[in-house]
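# Geometric and topological summary
Read off the chains here:
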Amino acid sequence: MGSEDVLRSASTLASYNVLLQVMFRLLTFFLNAFTLRFVSKELIGVVNVRLMLLYSTLVFLSREAFRRACLSGGGEDSNWRQNINLLWLTFPLGCVWGVLLVGVWAFVLQAPDPQAVPHYLPAVCLFCWAAMQELLAEPLWVLAQTHMLVQLKVIAESLAMVAKCIVTVVMVVCAPVWGLYIFAAAQCVYSGFLVLCYVVYFTRFLGSAEAEKKGFPLQSITETLPGRTQGESMINLKLARLTWSFFKQSFLKQILTEGERYVMTFLNVLNFGDQGVYDIINNLGSMVARFLFLPIEESFYVFFAKVLERGQTVHQQKQGEVAMAADVLECLLKLVLVIGLIITVFGQAYSHLALDIYGGDLLSSGTGPSLLRCYSAYVLLLAVNGITECFTFAAMSKEEVDRYNFVMLGLSVCFLLLSYWLTGLLGGVGFILANCCNMSLRITHSLVFMHRYFKASPYTPLVGLWPRPALLGSLAVSYALTTVSESVLCCDGGWLLRLVHIAVGGVCLLGVMATAFVTETRLVEFIKSQLLPRYSKKHT
């Protein structure tokens, strides 16, 4: 697959992933709003914080390192028999993690009150089983991502999410006394549907005329099972060593990603009810980051990993592909920066209204609005960090990845200590401030790497982090107008004044977008061409 084809496929993958995440977030958004009216906030806290932390920890530690290594070294010319054997190690590794984590969650952590939140121990086991089910699809997932089967992920995860929502809604309405069984069963249905979709697709696809046309390396579904080829080792040892490097890093990255949940779970700084409220605010605040920034990061990590040779300097790379990567990186940085600034500015004046509409006094009273305002500023850092680390991890050598593990270790320790301290002082807001500090340090590290990487070249992709003065001015004016509007019109004067407040924000947002359209012309062209301009034609 040529560089231009990789660009086009990565762009399409990013677009599909964005649409998929939009649907996921919307379904979760309405599902949470619905279940809030049938279950207690304590139960939501146990499910969304403690049990989902068990699920995400088991899955992430079992597969993340294998994914990154095989996506970096699993191109069309690689030995897929060895790669598949390596990927199947995720399941036995998941079994080991499952036994350890279930033991901790069931017998070490303090169990919730069985009167308020019944069936805790069976739910822990069922969430572990759901995670193990999802690991069975890992070789097929990597095959699909590597060969840019962009629609498969959308269809599989969409069907799985719809099935999960149906099970949750039906059981919440018909049998709310089942408590945690409801959400455990829904998670098992989700992972089961996910595996089923991948198996059915590849059973039909492998060996077909379409697969032959694409030059797919496998011929039947049985070839996706572990096996041995005569005269070859079971796994690629170079890829296994890279996996080990990523594995050491993934453990630390998981602590950084889910740090506040670990602090809440292991240090009991918030009760289950407060954890439930915080998690709802966290999901609302991170909605744009998850359905927009994360899919772009995942898709363009594949692009950078394929276009750039890992560990090689700029002068050792193919210059046309370096130019292409630099242009894409600059536009991606500008894109996420502009979106993050808009969210930060408008989030200050509309957090209280959004929470009042979504959850009533349960969310809009107390610290809820302050949490969401802080989170809207944190989204800006999330956006920039996603793209900077996306490029950094794709371009680093194995030795640099190993060295960065020590950086991640230091960040992990500092983050956990800072979270514990700030939460004791400020409650849930302390979690967000600790995340902001942690994310700023990670961004700084990535920017230093990128500056050194492009220092001896004519390319300056970091200028994407400098928006036009006119755009900054329009954002400042919007912040002032919406802040005044909130103090005068929102939120106790009835729906008419609320609508006027929303209208003021809408007009300001149109002004900001118009300014961006006029001043950020390269960014506009980038978006018009499905997030990836075809600069290769200009540079080659």
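Quick caveat, the model's predicted, so the values are computed rather than measured.

### Remarks on the overall build of the protein
In terms of regular secondary structure, the protein is built from 22 helices and zero strands. Its C-alpha atoms give the protein a radius of gyration of 24 Å, near enough to 24 Å, the size a compact globule of 540 residues would have. Each principal axis of the C-alpha atoms in the protein carries an extent, and together these give about 75 × 55 × 45 Å. Every one of the 540 residues in the protein was classed for burial, and the buried ones make up 57%. For the protein, the share of sequence-separated contacts (at least 6 apart) that also reach a separation of at least 24 residues comes to 83%. As displayed, the protein has an accessible area near 22,800 Å², and 67% of this comes from carbon and sulfur atoms. In the protein, 38 side chains carry a positive charge and 34 a negative one; their mean positions are 3 Å apart.

### Some details on the side chain of glutamate 297
Along the chain, the position of glutamate 297 falls in helix α13 (residues 287-307). Within the buried set, glutamate 297 has no salt-bridge partner at all; the shortest N-O distance to an opposite charge, 4.5 Å, is to arginine 68. Apart from residues lying up to four places away in sequence, glutamate 297 is in contact with Arg68, Gly386 and Cys390.

### With respect to helix α11 (residues 259-267)
Among the nine residues that make up α11, seven are buried, leaving the element largely enclosed by the rest of the structure. With its phi angle positive at about 55 degrees, asparagine 268 sits one or two positions after the end of α11.

### Some points on the nonpolar core
Counting residues in each nonpolar core, the largest one holds 162 residues, and the members touching the most others are Leu180, Tyr198, Phe202, Phe216, Phe304 and Phe391. With 21 residues, the single largest contributor to this core is helix α14 (residues 319-359). Aside from chain neighbours lying at most four places away, what touches phenylalanine 391 is Phe304, Leu308, Leu329, Phe449, Met450, Tyr453 and Phe454.

### A closer look at the pattern of salt bridges
All told, the structure shown has twelve salt bridges when counted by the stated rule. Two residues, arginine 67 and glutamate 138, come together in a salt bridge whose shortest N-O distance is 2.5 Å. Placement of arginine 67 in helix α2 (residues 41-73) and of glutamate 138 in helix α6 (residues 138-146) is noted, with a sequence separation of 71 residues between them. Given a relative accessible area of 1%, glutamate 138 falls into the buried group. A salt bridge links arginine 522 to glutamate 330; the shortest N-O distance between them is 2.9 Å. Residue arginine 522 is found in helix α21 (residues 521-528), and its partner glutamate 330 is found in helix α14; the two are separated by 192 residues along the sequence.

### Some details on unusual backbone geometry
Of note in this structure, histidine 119 is not a glycine but carries a positive phi near 65 degrees. Within the secondary structure, histidine 119 is located in the loop between α4 (90-108) and α5 (120-135).

### Some remarks on the packing of aromatic side chains
Counted according to the given criterion, the structure contains 16 aromatic pairs. For the pair tyrosine 201 and phenylalanine 205, a centre-to-centre distance of 5.5 Å together with 15 degrees between the ring planes defines the contact as stacked. Within this pair, tyrosine 201 and its partner phenylalanine 205 are both found in helix α8 (residues 180-205), separated by four residues, close to a single helical turn. A cation over an aromatic ring shows up here: arginine 68 above the ring of tyrosine 301, its NZ or CZ 4.6 Å from the ring centre. Its end group placed over the ring of tyrosine 190, lysine 164 keeps NZ or CZ at 5.8 Å from the ring centre.

### Brief notes about the state of the cysteines
Under the criterion given, the structure shown has zero disulfides. Of all cysteine sulfurs, the one in cysteine 128 lies closest to cysteine 95, which takes part in no disulfide; the gap is 8.2 Å. The class for cysteine 95 is partly exposed, based on a relative accessible area of 34%. With no disulfide of its own, cysteine 188 has cysteine 128 as its nearest cysteine by sulfur position, at a separation of 9.8 Å.

### Description of the environment of alanine 144
Looking at where alanine 144 falls in the secondary structure, it is placed in helix α6. Of the residues examined, alanine 144 reaches a relative accessible area of 4% and is grouped as buried. In this structure the C-alpha to C-alpha distance between alanine 144 and alanine 476, which are 332 residues apart in sequence, comes to 44 Å.

About the criteria used
Residues numbered from 1 in each chain as written. Predicted model: local features only at pLDDT ≥ 70, side-chain atom pairs only at ≥ 80, totals over all residues. Heavy atoms only, no water. Helix = DSSP H or I, 4+ residues; strand = E, 2+ residues; numbered from the N terminus. Rg over C-alpha atoms; globule rule 2.2 N^0.38 Å. Buried < 20%, exposed > 50% of the residue type's maximum accessible area, 1.4 Å probe, protein only. Contact = heavy atoms within 4.5 Å. Areas by Shrake-Rupley, 256 points an atom, 1.4 Å probe, with all protein chains shown as cover. Lys, Arg positive; Asp, Glu negative; His and termini not counted. Charge placed at Lys NZ, Arg CZ, Asp CG, Glu CD. Salt bridge = Lys/Arg side-chain N within 4 Å of Asp/Glu carboxyl O. Core = buried A, V, L, I, M, F, W, Y, C linked by side-chain atoms within 4.5 Å. Phe/Tyr/Trp six-rings, centres within 6.5 Å; stacked < 30°, edge-to-face > 60°. Lys NZ or Arg CZ within 6 Å of the ring centre and 35° of its normal. Disulfide = S-S within 2.5 Å.

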